[in-house]
Amino acid sequence: MKLSVVIRGEVLPTLTFEDKEPIRQVGEKALKTYKQKSSSLVEKDEKVYEIRKTRSGAILDPFDYIKQVLNDDDFVSVVLASDQLSPATGPAEGPYAGVEAPEFVIPARDQYMFLDGNNLTTDDLIRLGKGKFRIKLCTASQLE
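Residues numbered from 1 in each chain as written. Predicted model: local features only at pLDDT ≥ 70, side-chain atom pairs only at ≥ 80, totals over all residues. Heavy atoms only, no water.

Q: Explain the overall build of the protein to me, using residue names and the numbers behind them.
A: Broken down by element type, the protein carries 4 helices and 8 strands. Along its sequence from the N terminus, the protein presents helices and strands in the succession β-β-β-α-β-β-α-β-β-α-β-α. Here the protein holds 144 residues, and the buried ones make up 29% of them. In the protein, the share of contacts with a sequence separation of at least 24, taken over all contacts with a separation of at least 6, comes to 56%. Of the roughly 10100 Å² of accessible surface on the protein, 53% is carried by carbon and sulfur atoms. (Helix = DSSP H or I, 4+ residues; strand = E, 2+ residues; numbered from the N terminus. Buried < 20%, exposed > 50% of the residue type's maximum accessible area, 1.4 Å probe, protein only. Contact = heavy atoms within 4.5 Å. Areas by Shrake-Rupley, 256 points an atom, 1.4 Å probe, with all protein chains shown as cover.)

Q: Explain the pattern of salt bridges residue by residue, including any values.
A: Here the structure, examined in full by the defined rule, presents 5 salt bridges. A salt bridge links R8 to E46; the nearest nitrogen and oxygen atoms lie 3.3 Å apart. Taken together, the residues span a long stretch of sequence, with R8 in the loop between strand 1 (2–7) and strand 2 (10–11) and E46 in the loop between helix 1 (23–37) and strand 4 (48–53) at a distance of 38 residues. (Salt bridge = Lys/Arg side-chain N within 4 Å of Asp/Glu carboxyl O.)

Q: Could you give an account of the side chain of E46, with specific residues and numbers?
A: E46 gets classed as buried once you look at its relative accessible area, which sits at 6%. A distance of 3.3 Å separates a polar atom in the side chain of E46 from a polar atom in the side chain of R8. Separated by 2.7 Å, the side chains of E46 and S82 make a polar contact. Residues contacting E46, with those up to four places away along its chain left out, are R8, L31, K35, L80, A81 and S82. (Polar contact = N/O pair within 3.5 Å; in protein donor to acceptor, adjacent residues only side chain to side chain.)

Q: An account of the pairing of strand 1 is requested, with residue identities and associated values reported.
A: Most of strand 1 sits inside the fold, with 5 of its 6 residues counted as buried. Pairing of strand 1 with strand 3 (residues 15–16) involves 2 bridges; the strand directions are antiparallel. When the sheet's bridge partners are listed, L3 is paired in strand 3 with L15. The pairing of strand 1 with strand 6 (residues 75–80) spans 4 bridges and is classified as parallel. Counted as the bridge partner of I7 is V78 from strand 6. The sheet contact formed by strand 1 and strand 2 spans 2 bridges and is antiparallel. When the sheet's bridge partners are listed, I7 is paired in strand 2 with E10. (Pairing = 2+ DSSP bridges.)

Q: Let's hear about the pairing of strand 4: which residues, and what values?
A: Sheet topology places strand 4 next to strand 6; 5 bridges connect them, and they run antiparallel. In the sheet register, E50 faces strand 6, and the bridge partner there is V79. Both strand 4 and strand 5 (residues 59–60) contribute to a ladder of 2 bridges, which runs antiparallel. Among the inter-strand pairings, I51 is bridged to a residue of strand 5, identified as L60. Here strand 4 folds back onto strand 5, and the loop between the two strands holds 5 residues, one of which, G57, carries a positive phi near 80 degrees.

Q: Can you explain the environment of E28? Please cite residues and give values.
A: Secondary-structure assignment places E28 in helix 1. Given the relative accessible area of 45%, E28 is considered partly exposed. Remark: the alpha-carbon pair of E28 and K47, spanning 19 residues in sequence, is separated by 8.3 Å.

Okay, here's the thing in structure tokens:
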């Protein structure tokens with residue numbers, strides 16, 4: 001499985017892993033690659049603090065297998081222990097290169113789009129994807 005890894009805002013060359021390897025191996029291999037590339041910027045005894053999905057910022061469990069939680073060509077962010085700020089001087093949460101999730105507005109309870117299985121337009125699909133309507137099936141499509 002090929003993964004793109006970001007450490008301290010720097011994208012590393014694509015790294016290859018076996019599906020059965022645990023997530024912690026991603027951090028260890030990425031840190032080793034980062035040390036080779038930027039040896040002057042990394043402390044000798046640097047440790048991986050956490051590994052996150054870059055898009056959502058979700059923290060990955062180091063003992064999960066890569067195949068269970070990631071897809072081929074996913075981006076992950078590795079946060080190093082030295083990236084953590086002191087609680088006295090700043091937030092305890094370290095930086096990561098994340099992508100904000102789009103806002104999702106829950107439609108009013110009376111805004112429904114009835115689907116019959118024959119008349120869904122592209123515009124309808126876009127409005128459904130943006131969460132402007134709730135979905136209900138017509139009686140005829142429920143019977144089919």
